[in-house]
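# Inside the fold
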Amino acid sequence: MYRFLLTRQWVILTVVAVVLIPVMVRLGFWQLHRHQHKVALNEVIAESLAADPVPVESLTAPGATVKRADLYRRVTARGRFDTAHEEVVRRRTNADDRVGYHVLTPFVLDSGKVLLVNRGWVPAGVSQTAFPDVPAPASGEITITGRLMPDETTEKSGIKDLKGLPDRQVMLINSAQEAERLGRQVLGGYIQLTSPAPEGGSPQLLPEPEHDDIGPHLAYAIQWWLFAAGVPVGWVILVRREARERAEAAAREKTQKAEPASV
């Protein structure tokens, strides 16, 4: 009755079904892991934003990697901005999705070490090669506060580190690259400036990260597992329908053979 399962068509269909089940199960676990990662990251961000600011050198050092637990941690630093070595980071958007630049300004600490400071967003000018109009930061020795961030890499950000860019323009904020450019000790990672706020609102300070939304990953995981469960169910339904149709066709053929020929 089920010998049709040995036909080429049904062998291929069965193999596809057998392959799809573990693939869909794995995709479900992948989405579950993404959900768990998002939830854990939200907790880290919430704790960091709620914590009191600490001196930046208590959490990072030259050549150091910012720990995941310190992501977005509020830190303070005292020193002065070095606008002579200021750069802009290309292809960055603001809250309205306008494309422009992030302003990256070295901040020389009292210890002589350098902290990279993302002062915020400025719009792109008419020319993509000319350095944009960037308002100057506060002059003299000041205390700044910001959110600690890890170095940007192509692997983590997906942004290609293009070469041959116009002078004082970069694609990524990376302390190792800046240490080589400046010839000084640069603290690992960088900060997103939160205070003092710029006069006139430019550069636009970066907003706090969203940490309430957990995303659709859990729903996607459940969806993949339901698909995986539906594959064998669908396969059984198709087999039974095929068997029934073949049985009905065989019965009709038998009936036709049994009927006497008309005169």
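Reading guide: rules and limits
- Residues numbered from 1 in each chain as written.
- Predicted model: local features only at pLDDT ≥ 70, side-chain atom pairs only at ≥ 80, totals over all residues.
- Heavy atoms only, no water.
- Phe/Tyr/Trp six-rings, centres within 6.5 Å; stacked < 30°, edge-to-face > 60°.
- Buried < 20%, exposed > 50% of the residue type's maximum accessible area, 1.4 Å probe, protein only.
- Helix = DSSP H or I, 4+ residues; strand = E, 2+ residues; numbered from the N terminus.
- Lys NZ or Arg CZ within 6 Å of the ring centre and 35° of its normal.
- Patch = residues over 30% accessible without salt bridge, like charges linked within 9 Å, V, L, I, M, F, W, Y side chains within 5 Å.
- Areas by Shrake-Rupley, 256 points an atom, 1.4 Å probe, with all protein chains shown as cover.
- Salt bridge = Lys/Arg side-chain N within 4 Å of Asp/Glu carboxyl O.

## What to know about the packing of aromatic side chains
Counted by the stated rule, this structure contains 5 aromatic pairs. Here Phe4 and Trp10 contribute two aromatic rings whose centre-to-centre distance is 5.4 Å and whose plane-to-plane angle is 70°, an arrangement assigned as edge-to-face. As far as the burial class goes, Phe4 and Trp10 line up, both buried. Ring geometry for Trp224 and Phe227: centres 5.8 Å apart, planes at 85°, overall edge-to-face. Of this pair, Trp224 and Phe227 both sit in helix H4 (residues 217–258), 3 residues apart, which is roughly one turn of the helix. The ring of Phe81 is capped by Arg119, whose NZ or CZ atom sits 6.0 Å from the centre of that ring. When the ring centre of Phe131 is taken as reference, the NZ or CZ atom of Arg168 above it lies at 3.9 Å.

## Concerning a nonpolar patch on the surface
On the surface, a cluster of nonpolar side chains totalling about 300 Å² of accessible area is made up of Val11, Val15, Val19 and Val23. Residue position: Val11 is located in helix H1 (residues 8–50). Among the residues examined, Val11 registers a relative accessible area of 38% and is labelled partly exposed.

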